[in-house]
Amino acid sequence: PQGTAGELLLRALEDLSELDFKKFRDALAHGDLQGRCCIPWGRLEKADWMDTKNLMLDFYGGEAALDVAIAVFERIQLRNAAALLRESREKDYRRNYKKAIRQAYSCIKDQNARVGDNVSLNARYSKLVIVNKHRDEEQREHEIMAMGRRHAEIMKEQASSSIAVGELFKPGPDGWTPKVVVLLGAAGVGKTMTARKIMLDWASDKVFAEFDYVFYIHCREGNLLTSQASMTDLITQCCPSSSPPLTEMLGQPERLLFVIDGFDELRFSFDRPQSELCSQAWEKRPVEITLSSLFRRRLLPESSLLVTTRPAALQKLGKCLECERYAEILGFSEAERKEYFHRFFENAEQAAAAFQFVRGNETLFTMCLVPIVCWIVCTVMKQQLGRTGGLAQSPKTTTGIYILYLSALLRSLSGQLKRGMPGVLRRLCCLAADGIWKQKVLFEEKEVQGYALDQREALPLLLNEHLFQKDISCVSTYSFIHLSFQEFFAALFYLLEDEGEAWEPPASPTRDVKKLLDSYDNSRNYFMLTVRFLFGLLNKERRRELEEEMGCKIAPRITQELLAWLQNSQKTALALLTQEAAVIRELEVCHCLYELQDEHFVAAALDPFTGVYLRGLNLNRFDQMVLSFSVKNFPKLESLDLGHCSFLSRTRNRMHLFFVFREKQQEEGQQSPIHLLCQALEKSGCKLKTLRLWRCCLTEVSCGALAAVLPTSPSLTELHLGDNELGDGGVRRLSEGLRDPACRLQTLR
């Protein structure tokens, strides 16, 4: 602003001696001003400080006047004056930059917000559990589903203590300070919210005081930047004014932090030879070269980077970035989930009622570990609290949550728009499936229009519109509210009836579900949630709800194909290893069956199998419920082998995803970590012969639950409990079950 620039300029002129001030005016009238016009001497000859300041502002404008003043100071050898003005200007700019960042990042929009509906970020934000977890570089990380479950396989160790965001760039135990931090997390776990909170807290002088400037670059925008851009161009785009003091900013690169949000969304190739990279911040190159040069530390190597990404992109990231510290967002602890409910509802009674309901449903509560799911659950709870039936009919599967949320969105439409929604939803499903096959989450306007999706009032409920700078103009792009919603609609694509619609999609993927399942077999992570939704949408009650709300017909025509695929996927893996009877070797099978919630189908699906063989998994509460659901409905279960698996459970106050259960720390009377599994075995009526729980971190408390299983499973003849810390008390408890006349156990190891 001219007012601020004028104040800085006036202070600088007032500090000059009379002789230096005369030299300044003379150079302003007759010197080389680097292409800028001189001010006539006649207007400067008798001008005082105030007059000179006003003339310069009139001739050049605020920021340019400061540039001219600095250039003149240096020309007349007043280097101290030039340095002071440059420093004052930079401090003033930094103050205004922080103010602009506070304004830009202080509010968020809920993902179903109407125009004008804003929520304070500080009022809504709840602290996330972030662990500083060091992993083997060669170990591949699996994509985390945004449904409250953690990685399918992780190193079996207790996670590091939760760390605060402000500690990410603090020195480690060895005193070494990292320059590059990668913040991992599943889709919807809160990476972008954390990145925005970092921006707000830095601008509020709460964190990262060691950085003069923090710049936020969202990778979705990077995908659409096709023209050439220098690093200074990218910095300028982050700044509120068009002429930031770039020279001063870049003069201390060690005091710059770049927050690179959503690295996994970049579609660039980073396999560039070193010779193609640039090292000058002012050099214009293709955006992918500029960003690659920043990541590979050829450009501004003294600066710091904070990169957020989903775990599936770690390999790509490793090709272009030497990460110096990994941290992982695990989600909400139990205390923070409760806090989130209270922040969301604001009404204490409603918050308490909703939280208690979700707390009583272990699946919903577990899924609320992930912020996006917590938000969905709170959204649907708020809708249901306003109804006659209250919270009594809330669904408990991921599919059910999403259907209920979609229903809440569609109910807000006018009658005329709602009548046209079946066609819109069918086309939306085509778009979603096409995007899933192409691994694409951002659609340009012409792609959306290609699917005849142009109903402006209806689409914002289901698609988010984004405005991005592309070359010298702005373009509109669209994405689903969240990637998991895209996967939900992609699954629905395989089930919706066409109903004779004349519209032809531009290049829609085939509806051959076998092709999807084959691709899923080859690339588990990317199609995992889509396949789970396929099973969930086969549930009769879920289909009825969707048909009523959407007005579309949903055909369960793929039931037999899903059944055959599920059985063959396990048999094929088995054939490659041994000749023994068919067993379930992947927990994901149980997740799919749980999503369906059809006991008859589950029994039919598991009929060819005689056992479950899982190794080295950390089974959280949701995993245990999912596994127990299959065990309870397993008609021919003879062997259950869970060697080296950990049963993660909750403590009284907090639940952490990677917390390896330590029962000896519990008070007497609290539930055993394997109680869900033991309950399922008691109720299953199966002919279980062998139960292996070796090296499962079991202690005394587990023995009570196991003792109760022994008399209810007369076919059980072999029990393996080696490498656990059962203690004398545990052995005594186990002995009670062994003495029961109904117990037929022959081997105990």
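Small disclaimer: the values here were computed from a predicted structure and weren't measured.

A. Highlighting the side chain of Thr-530. Along the chain, the position of Thr-530 falls in helix 25 (residues 524-537). Using a relative accessible area of 1% as the deciding quantity, one classes Thr-530 as buried. Apart from the residues within four sequence positions on either side, Thr-530 is in contact with Ile-436, Glu-487, Ala-490, Ala-491 and Leu-516.

B. Unusual backbone geometry, seen in detail. Of note, Phe-208 is a non-glycine position whose phi angle comes to about 55°, a positive value. Considering the arrangement of structural elements, one finds Phe-208 in the loop between helix 8 (191-203) and strand 5 (213-218). One non-glycine residue, Gln-597, lies in the positive phi region at around 55°. Along the chain, the position of Gln-597 falls in the loop between helix 28 (587-596) and helix 29 (599-606). Owing to a relative accessible area of 23%, Gln-597 belongs among the partly exposed residues under this scheme.

C. Structural context of helix 8. A rise of 1.5 Å per residue sets the reference length of helix 8, with its 13 residues, at 18 Å; its end C-alpha atoms lie 18 Å apart and thus fit the reference within 8%. Within helix 8, ten of the 13 residues are buried, which leaves it mostly tucked inside the rest of the structure. In the segment just after helix 8, Asp-205 is the residue with positive phi, at about 60°.

D. A look at the state of the cysteines. Under the counting rule described, the total for this entry stands at zero disulfides. With no disulfide of its own, Cys-238 has Cys-239 as its nearest cysteine by sulfur position, at a separation of 6.4 Å.

E. Representation of the sheet that holds strand 20 (residues 718-720) in the model. Strand order in this open sheet of six strands is 14-15-17-19-20-21, and the pairing throughout is parallel. Bordering the open sheet on either side are strand 14 (583-584) and strand 21 (747-748), each of which pairs with just one other strand.

F. Examining the packing of helix 2 (residues 18-30) against helix 5 (residues 62-75) more closely. Viewed as axis vectors pointing N to C, helix 2 and helix 5 meet at an angle of 110°, and their least axial separation amounts to 10 Å. Considered as vectors, helix 2 and helix 5 are oriented roughly perpendicular to each other. Here helix 2 runs over helix 5; the crossing is right-handed. Where helix 2 approaches helix 5, its residues Phe-24, Ala-27 and Leu-28 are matched on the opposing element by Val-68, Ala-69, Val-72 and Phe-73. By residue class, the composition of the contact of helix 2 with helix 5 is seven nonpolar, no polar and no charged.

G. Just helix 29, in detail. Buried within helix 29 are the following residues: Phe-601, Val-602, Ala-605 and Leu-606. The buried residues of helix 29 occupy one face: seen down the axis, they fall within an arc of 125°. Between the side-chain oxygen at the start of helix 29 and the backbone nitrogen of His-600 there is a gap of 3.1 Å, and the oxygen is on Asp-598.

Reading guide: rules and limits
- Along each chain, numbering runs from 1 in the same order as the chain's sequence is written.
- For a predicted model such as this one, the threshold for reporting local features is a pLDDT of at least 70, and the threshold for listing and counting side-chain atom pairs is 80 or more; totals across whole chains, interfaces and linings nevertheless cover every residue.
- Side-chain measures here rest on the full set of heavy atoms in the structure, leaving out hydrogens and waters.
- Each helix is a run of H or I in the DSSP string that is no shorter than four residues. Each strand is a run of E no shorter than two, and both are numbered from the N terminus.
- The buried label applies to any residue whose accessible area, calculated with a 1.4 Å probe on protein chains only, is under 20% of its type's maximum; exposed applies above 50%, and partly exposed to all values in between.
- Here, residues are in contact when the closest pair of their heavy atoms is within 4.5 Å.
- Working rule for helices: expected span equals 1.5 Å times residues minus one.
- Criterion for a disulfide: a pair of cysteine sulfur atoms within 2.5 Å.
- Here, any two strands with at least 2 DSSP bridges between them count as paired.
- Orientation is described by axes fitted as lines to C-alpha atoms, over the contacting stretch for helices, and by angles from 0 to 180 degrees between their N-to-C directions.
- Working definition: roughly parallel below 35 degrees, roughly antiparallel above 145 degrees, roughly perpendicular at 65 to 115 degrees, and oblique for all remaining angles.
- Should the near helix be turned counterclockwise from the far one by less than a right angle, the crossing is left-handed, whereas a clockwise turn marks it as right-handed.
- Each residue gets one of three labels, nonpolar for Ala, Val, Leu, Ile, Met, Phe, Trp, Tyr, Cys and Pro, charged for Asp, Glu, Lys and Arg, and polar for the others, Gly among them.
- Arc definition: directions from the helix axis to the C-beta atoms.
- Polar contacts, as used here, are pairs of N or O atoms within 3.5 Å; protein pairs need one atom able to donate a hydrogen and one able to accept it. Residues neighboring in sequence count only if both atoms are side-chain atoms.

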